[in-house]
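# Examination of the molecular architecture
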Amino acid sequence: MGVSLRVSLFITCYNDTLFPGTGKAVVRVLERLGHSIEFRPEQTCCGQMHWNTGYLREAVPIIRHFVEVFRDAETIVIPSSSCVSMMRDHYLKAAEMVGDAKLAADVAALLPRVWEFSEFLAKKLGVEDVGATYAHRVTYHTSCHSQRSLHLNDIPLRLLRKVRGLQLVPIENPQECCGFGGTFSIKNADVSSAMLADKVRCVLNTGAEVCTAVDNSCLMHLFGSMHRQRTFTRTVHIAEILASTAEAEPWDERFPVDLPVSVGGTR
Amino acid sequence: MTPPETLAESRQNFPEAARELLADSQIRKNVRHATDVIQAKRNKVVAELPDWQDLREAGSAIRAHALEHLDHYLAQFEANCTRAGGQVHWARDAAEANSIILGLIQKHEAKEVIKVKTMTSEEIKLNAHLEAHGVRPIETDLAELIVQLGHDKPSHFVAPALHKNRQEVREIFQREMKLPELGETPEDLCAAARTYLREKYLRIKVAVSGANFLVAETGSVCLVESEGNGRMCLTLPDVLISIVGIEKVIPRFQDLEVFLQTLPRSATGERMNPYNSIWTGVHEGDGPREFHLVLLDNGRSPILADKEARQTLKCIRCAACLNVCPVYHQTGGHAYRSVYAGPIGAILTPQLHDMKDGRSLPYASSLCGACYEVCPVKINIPEVLIHLRGKIVEEEQKTLGGKLGLWNIGMQAAAFLFADASRFSAAQHLGQMGQKVFVSKSGFIEALPLMLSGWTQTRDLAALPKQTFRDWWAAREEREEKAR
Amino acid sequence: MTDGSRAAILASIQGALGAAADEAAIAAEYDSLPRAYKRIGTLDGPALLELFTDRLLEYDAGVYRADTEGIGAKVGEILKARGVNRIAIPDDLPAEWLPAAFDFVKASRFTEMQLDKVDGVLSACTVAIAETGSIVLQNAPAQGKRSLSLVPDYQLCLVFAAQVVETVPEGFARLEATKNLPMTFFSGPSATADIEMTRIKGVHGPRFLDVLLVV
């Protein structure tokens, strides 16, 4: 598109704490494409965990805080489809619940500027080839929110197909939930584990080394089981694949696996 | 052994009931097979219709409109049905409905009645009431017959016996129909049912049915079925008693053109089910000479008051949401311990009990949204689930026990942290330090305390990275600042 | 009878819903409900009959054709192929439709128990829907009461080409004038899938179905 945008990154509370590598990857990709990133340090959380668990009133101040922090941001990019779906599906409803017309108006003004990372690349920037190289056998997990709420359809697949050296393998039963569902994974741990077992079997059947998705929540769930079973398949967020180049693959101190060390860049 | 009636009766919550059912491989295998088959058929016939989304939209709007004016349409239905020779009775609750139905049966001195499958009669426990008063109800729907003869409970409202395989059915029929030589193929089993039931249809004078739709404009009743047992019960006996929830009324005859497209395709994956019967009151020389319709409230009308949850009553009982639900897929219907299982059960059951029973059911979902996607009347089940969770939390917080419970404390603490970035950041640092005691040599957490142990039962958790994103960014900014 | 309950239930509903709208407002709201679904078919005569035939064949129904003059002879042919002889008919079924050499008995002469003993039933219909392969019978001329097409094990139904419509909404439009009559929609023979999802035909209703299309 040519124009250099100033992108405000909402890292999300769980990525910030558990998957900082995904944030770094988003920064890397967008800077490589010629855009600049700002990170507003006042940001915290989108409120989904409270809202979905039924702590509706408690979610409102968290929502207000988000709206306040990003009020004047031109473009907000979020590497998490579940957080974006929280905003698109529930923020207005939350404002209506507390009868706050101003909040509702602020939300309505903000939403058009909010993007999930992969849809930002494909729809806003009109880019599918981000100059990535990642020579691995990869399968893509369709998270429920990405499909049923954001209707990303095949955007992530189109992005992955343009990654040099990447061998994309389709997965069976993509429409079936992995069983995470936030607090569901704890409140209904047995059923969640049963659902997870089915999903992991589908992942392993692809023979892929890497399972990717647009949500680290699902990936954390999948890897939780695959690591427990000591399988060889890893999970990597799509941003980290897209950030990968011939010189440097995503590094992540968590994995006790030998990965090429990043050359140059910041660490 | 008959499974328990409700979660309260079994003294379990859904997670506990689910754990029990997860241990039953036979049921799990049968449920998987059945739901996979129906889903595949459903997807195929839905794909054939380019106007499927328009049909859903119309169906949703018609049902919502009917509910918004339910009193008007029920009164209209009653007037028209009565004008055509039918008799309409109103039952506030299960006890009243049972009393009315038993009274009618006793008036005709019948000792046996034939029944068409109806979940509504399961809801009010009609069979137990009749048996307690010396009336033998005979189920004629094959699945209900299997459930009845097997002293079991239905697990799915379109295919109530889908948790049974053919060997199990054969054993039941051999024993109860006294057919020791009975073959094992589905054909043999159906032939046995046909013979067993035919003489009953021709002999028994009173029938009890449910209905799929009540048409206000004409006072008509519509029954959707496959086997023909419905037609038998609706036309052969002298007396027909239909028990129907008040929410099943639709405005006009023409509206059936929408539902008779979406219901068969959603429920059994067919373009049209084999038989639909529509009758209005009584008709001289054709069918029963006496028709009684019992309108049942039993907790439905209060649901109308809740604007968010009202859409629950749009349900046309197709069970597509059960078939697609990944939770139901694992546990089957008995884990919900209710007549209404699956996603719709998770929102309907607690509401019918005024949120006093089934309180764990709204949490029996990962909010994946597959149910909403397939619902032919666009009930936004995930939205209603969250709404009900909100009601449950609000109620719990009114009690001291609820306020001091681990979940509430944890959630309040989290909300406190999320309100301010410096608090949140401090908590992250605390976590990075505090986790050390849980992290194994490999850098993973394999056991977490208290309620978080649910995660680590079957899953590892990677340790928190040494540096959060925000700290990395702050450090980078500082470096760039220095470089300038 | 249950007047107290009636009042209580209606009061509960009204209390839950709030202010009631008047009839005119309700009717107006009803008329403005979205109906963007397909309401008129696009297939012409021959294509329509072909679609209908395909659907019937999928149900394992026998499908035959005849012109108006040839009905009687064709009925004879069909019944002979099925190996049946004693056929119940609605009292007012046109005599020209009945071939000799078969035993046709008027339904009014039978109790339901006796109907169980005939080989089959022959009748006309009100309307047929091609898209779903459905036939609608009502208690109307040449169709008879409902048990007539229910109890016997074999059903032969006459469908005139002009009675065939493409879509379900068109079917309902045809039924609008006689919507108060008891009616039955048939779409294939009776079936169940209650045992392991295996579809078995013919549980209680007629197990065998033939359709004679009169073009």
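Residues numbered from 1 in each chain as written. Chains lettered and ligands numbered in written order. Predicted model: local features only at pLDDT ≥ 70, side-chain atom pairs only at ≥ 80, totals over all residues. Heavy atoms only, no water.

### Considerations on the overall build of chain A
A tally of helices and strands in chain A yields 13 helices and 8 strands. Compactness check: chain A gives a C-alpha radius of gyration of 18 Å against a globular reference of 18 Å for 267 residues, within 12% of the reference. Seen along its three principal axes, the alpha-carbon backbone of chain A occupies a region of about 50 × 50 × 30 Å. Of all 267 residues assigned to chain A, the portion counted as buried reaches 66%. Split by element, the accessible area of chain A, about 9,300 Å² in all, is 55% carbon and sulfur. Side chains of chain A carry 28 positive and 29 negative charges; the gap between the two charge centres is 2 Å. (Helix = DSSP H or I, 4+ residues; strand = E, 2+ residues; numbered from the N terminus. Rg over C-alpha atoms; globule rule 2.2 N^0.38 Å. Buried < 20%, exposed > 50% of the residue type's maximum accessible area, 1.4 Å probe, protein only. Areas by Shrake-Rupley, 256 points an atom, 1.4 Å probe, with all protein chains shown as cover. Lys, Arg positive; Asp, Glu negative; His and termini not counted. Charge placed at Lys NZ, Arg CZ, Asp CG, Glu CD.)

### Side note on the overall build of chain B
Counting secondary structure elements, chain B contains 22 helices and 12 strands. Principal-axis analysis of the C-alpha atoms places the extent of chain B at approximately 100 × 55 × 50 Å. When burial is assessed residue by residue, chain B has 65% of its 484 residues classed as buried. On chain B, roughly 17,200 Å² of surface is accessible, and the fraction owed to carbon and sulfur atoms is 54%. Side chains of chain B give 58 positive and 61 negative charges; the mean places of these two sets differ by 3 Å.

### Topic: the pattern of salt bridges
Scanning the entire structure with this criterion turns up 61 salt bridges over all chains. Through salt bridges with shared partners, a single ionic network connects Glu48(B), Arg265(B), Arg271(B), Arg55(C) and Glu58(C). (Salt bridge = Lys/Arg side-chain N within 4 Å of Asp/Glu carboxyl O.)

### Overview of the domain arrangement of chain A
Residues and elements named next belong to chain A. Here the domain parsing of chain A yields domain 1 (6-124) and domain 2 (137-243). Once you take the C-alpha centre of each, domain 1 and domain 2 turn out to be 22 Å apart. Between domain 1 and domain 2 lies a buried interface of about 1,900 Å² when both sides are counted; carbon and sulfur atoms form 63% of it. On inspection of domain 1 and its partner domain 2, the count reaches 0 salt bridges. Our count for the contact surface shared by domain 1 and domain 2 stands at 13 residue pairs in polar contact (both at pLDDT 80 or more). Every element with two or more residues in the side of domain 1 that touches domain 2 is listed here: α1 (13-18), α2 (20-32), α3 (48-53), α5 (81-97) and α7 (117-124). Sorting elements by how many residues they give to the side of domain 1 that touches domain 2 places α2 first, with 7 residues. (Domains from an automatic or database assignment. Buried area = accessible area lost by both parts, 1.4 Å probe. Polar contact = N/O pair within 3.5 Å; in protein donor to acceptor, adjacent residues only side chain to side chain.)

### Remarks on the interface of chain B and chain C
Facing the 100 residues of chain B at the interface are 75 residues of chain C. A combined buried area of about 7,600 Å² lies between chain B and chain C, and 59% of that area is made up of carbon and sulfur atoms. Linking Arg6(C) and Glu78(B) is a salt bridge whose minimum nitrogen-to-oxygen distance equals 2.7 Å. Across the contact surface, chain B and chain C share 26 residue pairs in polar contact (both at pLDDT 80 or more). For the side of chain B that touches chain C, the element with the most residues is helix α10 (residues 186-203) of chain B, which contributes 10 residues. Of the residues assigned to the side of chain B that touches chain C, the class counts are 50 nonpolar, 24 polar and 26 charged. Strand direction decides the pairing type here: strand β9 (residues 275-280) of chain B and strand β9 (residues 183-186) of chain C, joined by 4 bridges, are antiparallel. Counterpart to Ser277(B) in the pairing with β9(C) is Thr184(C). (Contact = heavy atoms within 4.5 Å. Nonpolar A, V, L, I, M, F, W, Y, C, P; charged D, E, K, R; others polar. Pairing = 2+ DSSP bridges.)

### What about the sheet that holds strand β1 (residues 62-66) of chain C?
Residue and element names in this part refer to chain C. On the basis of which strands lie adjacent, the open sheet formed by 6 strands has the order β1-β12-β7-β4-β2-β3 and parallel pairing. The strands lining the two open edges of the sheet, one partner per strand, are β1 and β3 (103-106). Taken pair by pair, the neighbouring strands of this sheet meet at an average axis angle of 25°, ignoring direction. Alignment of strand β7 (residues 154-160) against strand β12 (residues 208-214), held across 7 bridges, turns out to be parallel. Its bridge partner being in β12, phenylalanine 160 is matched across the sheet by valine 214. With respect to the sheet, helix α3 (residues 45-58) is in contact with β1, β7 and β12, its orientation differing from that of β1 by roughly 150°. (Axes fitted to C-alpha atoms, helices over the stretch in contact; angles between N-to-C directions.)

### A look at helix α6 (residues 168-175) of chain C
Among the 8 residues that make up α6(C), 6 are buried, leaving the element largely enclosed by the rest of the structure. Taken as a whole, α6(C) has its buried residues at Val168(C), Pro169(C), Glu170(C), Gly171(C), Phe172(C) and Leu175(C).

### So, the layout of surface pockets
Residue and element names in this part refer to chain B. By volume, the second largest pocket is sized at about 950 Å³. Of all the elements in the fold, those that place two or more residues in the lining of the second largest pocket are α6 (119-123), α7 (126-132), β3 (136-139), α8 (142-149) and α15 (342-352). Its residues assigned to classes, the lining of the second largest pocket comprises 15 nonpolar, 12 polar and 13 charged. (1 Å grid on protein atoms, 1.4 Å probe; cavity = no way out; pocket = protein on both sides within 12 Å on 5 of 7 lines; lining within 4 Å. Points joined across faces, edges and corners; volume = space filled by probe spheres on them.)

### Quick word on helix α12 (residues 256-267) of chain B
Residues and elements named next belong to chain B. An ideal rise of 1.5 Å per residue puts 16 Å on 12 residues; α12 measures up with 16 Å between its terminal C-alpha atoms. Most of α12 sits out of view: 12 of its 12 residues are buried. Just beyond α12, the residue with positive phi is glycine 269, at close to 70°. (Expected span 1.5 Å × (residues − 1).)

### A closer look at the arrangement of the chains
There are 2 pairs of chains in contact here, and the one with the most contacts is chains B and C. Without any contact between them, chain A and chain C keep their closest C-alpha atoms 19 Å apart.

### Some details on the side chain of Arg63(B)
Residues and elements named next belong to chain B. Mapping arginine 63 onto the fold places it in helix α3 (residues 52-68). In this structure, arginine 63 is buried with no salt-bridge partner, the nearest side chain bearing the opposite charge being glutamate 247 at 5.9 Å. Of the polar contacts made by the side chain of arginine 63, one reaches the backbone oxygen of valine 249; its length is 3.2 Å. When neighbours within four sequence positions are excluded, arginine 63 is seen to be in contact with Glu247, Lys248, Val249, Ile250, Phe259, Leu313, Lys314, Cys315, Ile316 and Val377.

### What about the state of the cysteines?
Residue and element names in this part refer to chain B. Per the counting criterion, the structure on display carries 0 disulfides over all chains. Free of any disulfide, cysteine 315 has its nearest cysteine sulfur in cysteine 321, 6.5 Å distant. The closest cysteine sulfur to the non-disulfide-bonded cysteine 321 is located on cysteine 318, 6.3 Å from its own sulfur. (Disulfide = S-S within 2.5 Å.)

### Side note on the interface of chain B and chain A
Facing the 66 residues of chain B at the interface are 67 residues of chain A. Buried area between chain B and chain A, both sides added, is near 6,000 Å², and the carbon and sulfur share of it is 61%. In this assembly, chain B and chain A are joined by 11 salt bridges. With a shortest N-O distance of 4.0 Å, Glu446(B) and Arg230(A) are connected by a salt bridge. Remark: the boundary between chain B and chain A carries 35 residue pairs in polar contact (both at pLDDT 80 or more). Of the residues forming the side of chain B that touches chain A, the biggest block, 8 residues, is contributed by helix α19 (residues 406-418) of chain B. Across the side of chain B that touches chain A, the residue classes break down as 34 nonpolar, 17 polar and 15 charged.

### What to know about unusual backbone geometry
Positive phi values are uncommon outside glycine, yet Arg317(B) reaches one of about 55°. Mapped onto the fold, Arg317(B) is located in the loop between β10 (290-296) and α13 (320-324). The exposure class assigned to Arg317(B) is buried, which follows from its relative accessible area of 13%. Unlike most non-glycine residues, Asp60(C) shows phi in positive territory, near 65°.

### Observations concerning the nonpolar core
The biggest cluster of nonpolar side chains holds 251 residues, and the ones touching the most others in it are Phe173(B) and Leu256(B). Here the element with the most residues in this core is α10(B); it accounts for 8 residues. (Core = buried A, V, L, I, M, F, W, Y, C linked by side-chain atoms within 4.5 Å.)

### Focus on the sheet that holds strand β6 (residues 134-138) of chain C
Reading across the sheet, the 8 strands line up as β8(B)-β5(B)-β6(B)-β9(B)-β9(C)-β6(C)-β5(C)-β8(C) and stay open at both edges, with mixed pairing between neighbours. In this open sheet, the two strands that pair with only one neighbour each are β8 (249-250) of chain B together with β8 (164-165) of chain C. Sheet topology note: the strand β6 (residues 220-225) of chain B/β9(B) ladder contains 6 bridges and is antiparallel. Paired with Val221(B) across the two strands is Trp279(B), which belongs to β9(B).

### Topic: the packing of aromatic side chains
In this structure the tally under the stated criterion is 22 aromatic pairs over all chains. With 4.8 Å between their ring centres and 80° between their planes, Phe10(A) and Phe66(A) make a pair best called edge-to-face. On the criterion of sequence distance, the pair formed by Phe10(A) in the loop between β1 (6-9) and α1 and Phe66(A) in helix α4 (residues 56-69) is long-range, its members being 56 residues apart. With respect to burial, Phe10(A) and Phe66(A) carry one shared label: buried. Residues Tyr275(B) and Phe186(C) carry aromatic rings whose centres are separated by 5.9 Å and whose planes lie at 85° to one another, so their mutual orientation is edge-to-face. You can see Tyr275(B) sitting in strand β9 and its partner Phe186(C) sitting in strand β9, one on each of two chains. Accessibility expressed as a relative area gives 4% for Phe186(C), which makes it buried. (Phe/Tyr/Trp six-rings, centres within 6.5 Å; stacked < 30°, edge-to-face > 60°.)

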